[in-house]
Amino acid sequence: MSELIHIAQKTKILAADPSLPKWQRLYQTLQAFSVPELQSIPQNVQHPFEIDRVVVDQVLNRNLLGKPEDYENMADADVNVILDSLDKVSSWLLNFEADRIVAELNDAQNKLPVAAIEAVREHRDVMIPKLIGVLQDVTAKARIGELAEGNAHFYAIFLLTELTVEEAFPVILEAFSLPGELSSQLFDDAVTSTLARILAQFAGDRPEVMDSLIQNPELYEYVRWSAAESYLYLVRDNRMTRDEAVERLTQHLRRLVASKDRALIGGLICVLDALAPVEALADIEEAFRLGLVDAYLINRDSIQRSIAGGEEGIRKALERCSETGIPDTIEELRTWASFKELPPPRPAPPPPLPPIPKASRVATPRKPVQPMAVPLVSSGPRVGRNDPCLCGSGKKFKKCCGAPK
């Protein structure tokens, strides 16, 4: 898909290879750059590319170059001009191809952009700065009320997590820390389905990162809830003990109850519920007593059942947690309803026949009924077989009307 990236990278490496004399660098670089894939660059974006290529052609035309050895006799100034021009062209190609891949991610709607995602994986060193830049730009615009169109920022969250790009985490964190529902408007279900796993991957050794999100009432409530849920992943992954997680979450619950932060109290109790929170029972009861827990989220009976379930119940609850981080963006998103391939539609039924006008309706023909045989009874004198026929034909009856039919 992105052969031009391979060409540009190879060109830059060869042009700067200190182990080769400059003339050999030049020869090998020109060989690497003279490939048919360059013809795939659209004409309307070739202007910077053409400028440097003209410079290269002008210098080459001043020298009689046939065999590789001829390059050795070139002036250093000419060699430097060509190598510099090829380096600039290669940089332009890398940027052009990276922007094209980002555009494919951005333009993807209900069809998963598999080819673009695979290109990001293949060229991570080129694509990671681009994806970080996309997130930074979208976040900055959202803060001033400009919501981005397209989906590149959405895929950037998944791909930067899959590729475990540590330097991207501050940018990811800032994007999810937008005030109000801005993070939901930008990332939709990624807030509730993946944020806890992202936090567990990047900030698992820094629970204070999750704590700051939980305690910030300016954030979207499901961002805060996901921050609390990340503690379950840390316990499941043996990066934090169950007792430590319950203690930290209980401290959060006390502060939230004290400030009557109803938006998160129910969600936080749901997270505690998975850990059989006997130590937090008094604080949970206080939240229920004050009417700060939405009944549709959780009730007292659920808490009592979790405590009764003990370690086995905790184990089962933690087993329901998905894998930490995003192991595979394609497989992750393939299961989302918006990306599932729908079965082909059923063929439309044939249109109904038009109703027959009442006046022209014809009754369905029936099988004709055979008439019942009725014996003939003569009321006149009996005619003998050899008597003249009564029809007046002059023939005998047996040879006329009385003949066998």
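Here, every reference points to the structure presented above.
Parameters and conventions
- Residues numbered from 1 in each chain as written.
- Predicted model: local features only at pLDDT ≥ 70, side-chain atom pairs only at ≥ 80, totals over all residues.
- Heavy atoms only, no water.
- Helix = DSSP H or I, 4+ residues; strand = E, 2+ residues; numbered from the N terminus.
- Buried < 20%, exposed > 50% of the residue type's maximum accessible area, 1.4 Å probe, protein only.
- Contact = heavy atoms within 4.5 Å.
- Core = buried A, V, L, I, M, F, W, Y, C linked by side-chain atoms within 4.5 Å.

Side note on the environment of G291
Assignment of secondary structure puts G291 in the loop between α15 (281-289) and α16 (300-319). Separated by 29 residues in sequence, G291 and R262 have C-alpha atoms that sit 9.0 Å apart.

Considerations on helix α7 (residues 152-162)
With eleven of its eleven residues buried, α7 lies for the most part within the structure. Considered for burial, the residues of α7 that qualify are A152, H153, F154, Y155, A156, I157, F158, L159, L160, T161 and E162. Phi turns positive, to about 50°, at T164, one or two residues after α7.

Digging into the environment of I117
By the element assignment, I117 lies in helix α5 (residues 114-122). Accessibility expressed as a relative area gives 0% for I117, which makes it buried. In sequence terms I117 and V102 are 15 residues apart; their C-alpha atoms lie 9.4 Å from each other. Excluding anything up to four places from it in sequence, I117 contacts L105, L112, Y155, L159, T329 and I330.

Focus: the nonpolar core
Within the largest apolar cluster, 119 residues are counted, with the highest numbers of intra-cluster contacts made by Y155 and L160. Ranked by residues supplied to this core, first place goes to helix α4 (residues 76-107) with 13 residues. Those residues in contact with Y155, other than ones at most four positions away along the chain, are L105, A108, Q109, K111, L112, P113, I117, L333 and F339.

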